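# Structural overview for review
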Amino acid sequence: MRLVGNLGLAVALAMVVAGTAVAIAASWGGAYFLPGAAAGTLVGAAALLRHRGRARAAVVGLAVAAAAVAAAQVAGLPAEPGPATALALAVLVGSVTRVAPVRTVVTVAAAGLAVVAVGALSHPGSSGAFAVTVFGGLAWAGGVLTGGVLRLLDARRLAAVEAVRRDERLTIARELHDVVAHHVTGIVVQAQAAQLVVCEDPVKAGESFARIEAAGADALAAVRRVVGVLRDDPAEDPGSWAVAAGPERIADLVRRFEQVGPAVHLQLPQDEQHWPAEVTGAVHRLVQESLTNVIRHAPQARSVTVELSEVDGSVEVLVADDGADGPATVHGGYGIVGMRERVEALGGELSAGPGPGGGWRVHGTVPLTGVR
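Okay, so let's go over this structure. (Residues numbered from 1 in each chain as written. Predicted model: local features only at pLDDT ≥ 70, side-chain atom pairs only at ≥ 80, totals over all residues. Heavy atoms only, no water.)

So, about the packing of helix α1 (residues 2-27) against helix α2 (residues 33-48). It is the contact of α1 with α2, at a shortest axis distance of 9 Å, that shows an interaxial angle of 170 degrees. Put simply, α1 runs roughly antiparallel to α2. Two secondary-structure elements touch here, α1 through N6, L9, A10, L13, V17, A21, I24 and A25 and α2 through F33, A37, G40, T41, G44, A47 and L48. (Axes fitted to C-alpha atoms, helices over the stretch in contact; angles between N-to-C directions. Helix = DSSP H or I, 4+ residues; strand = E, 2+ residues; numbered from the N terminus. Parallel < 35°, antiparallel > 145°, perpendicular 65-115°, else oblique. Contact = heavy atoms within 4.5 Å.)

Dropping the structure here:
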């Protein structure tokens with residue numbers, strides 16, 4: 001994009017330099033066009049190289065333009081800054097206005113206006129000089145205005161990006177306790193089981209301790225993934241930030257759950273699905289939180305059903321247990337809120353409440369297309 005812009009600017013400057021030279025040669029004759037053409041070319045070169053140092057390029061361009069104005073006044077040459085020089089100065093002033101500190105912007109803009117004003121005063125009463133001054137003033141104003149508008153748009157874009165990042169981090173922070181709670185619940189259950197059997201069956205106690213170790217390692221890994229989202233390290237692989245995994249990890253999640261909870265009847269899509277990352281993350285998060293709520297609020301449940309299917313361009317998730325109906329307020333904590341925010345952000349729907357045959361039922365629909 002930068003290369004295309006510079007090519008367009010180079011062509012425009014070349015056309016203006018050539019057109020001005022032809023006009024001066026026709027009206028003034030001789031080689032009177034050479035100083036103005038040289039000034040326009042030098043200031044244009046500074047404009048084309050502005051990305052290497054915007055303030056430095058502006059200083060060079062302004063110095064060349066000021067020298068051209070002084071030479072025109074002393075030697076009786078056509079009025080400066082000419083159209084090519086004015087156009088190049090407008091680009092330089094606009095470039096500085098867009099990104100430079102305010103003090104630098106004010107200094108460069110004032111210097112550009114001073115060059116145009118001094119050029120007007122050097123040829124008082126000349127109709128040609130008046131036209132040159134008007135063009136130079138309009139070019140200067142256009143550069144300042146364009147740079148200011150782009151500066152404002154850049155600031156708004158950065159603010160919007162930062163707001164999105166902040167909201168996402170707040171969401172992930174709210175989910176941190178749920179991710180940890182899922183693993184810590186398993187650790188607590190295994191530790192309680194080990195205390196009961198440590199004297200009667202040391203082998204089973206040893207197995208429980210092994211599962212406690214594995215659950216602790218999983219908890220640490222989950223915390224690292226979540227905290228990774230909250231970091232600002234650009235060198236870190238974004239792929240390692242994923243808090244949730246895809247459908248291929250649902251079976252692993254269920255197996256870990258069955259070590260501390262009731263049996264799970266799992267139904268996954270038969271064919272391998274290539275869902276967008278945000279969809280697979282939402283699905284995993286929904287199943288994870290639903291299973292965690294079973295451990296927390298339905299300890300009497302004997303079985304859980306987890307069904308994932310793709311219907312009419314959407315992924316449908318159903319998690320239901322056969323425990324006794326619990327109060328809605330018990331199941332309406334941050335977990336349900338987080339799931340609903342995640343699903344609705346993708347254009348889907350989520351419902352959670354008592355099942356028709358008892359127990360608790362969570363049903364979510366996440367569209368594969370049309371993500372907002």
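Here we come to the pattern of salt bridges. Applying the stated criterion across every chain yields a total of 3 salt bridges. Residue D154 is joined to R98 by a salt bridge in which the shortest nitrogen-to-oxygen separation is 2.8 Å. On the criterion of sequence distance, the pair formed by D154 in helix α6 (residues 127-197) and R98 in helix α4 (residues 83-99) is long-range, its members being 56 residues apart. Between R255 and D252 there is a salt bridge whose closest N-O contact spans 2.0 Å. On the criterion of helical spacing, the pair formed by R255 and D252 is a turn pair, its members being 3 residues apart in helix α8 (residues 250-258). What makes R255 partly exposed here is its relative accessible area of 48%. (Salt bridge = Lys/Arg side-chain N within 4 Å of Asp/Glu carboxyl O. Buried < 20%, exposed > 50% of the residue type's maximum accessible area, 1.4 Å probe, protein only.)

Turning our eyes to something else, we now look at the side chain of D321. Mapped onto the secondary structure, D321 falls in strand β3 (residues 314-321). Comment: no salt bridge for buried D321; closest opposite-charge side chain is R302, at 9.8 Å. Here D321 is in contact with V294, A298, A301, S303, V304, G358, G359 and W360, once residues within four sequence places are set aside. (Lys, Arg positive; Asp, Glu negative; His and termini not counted.)

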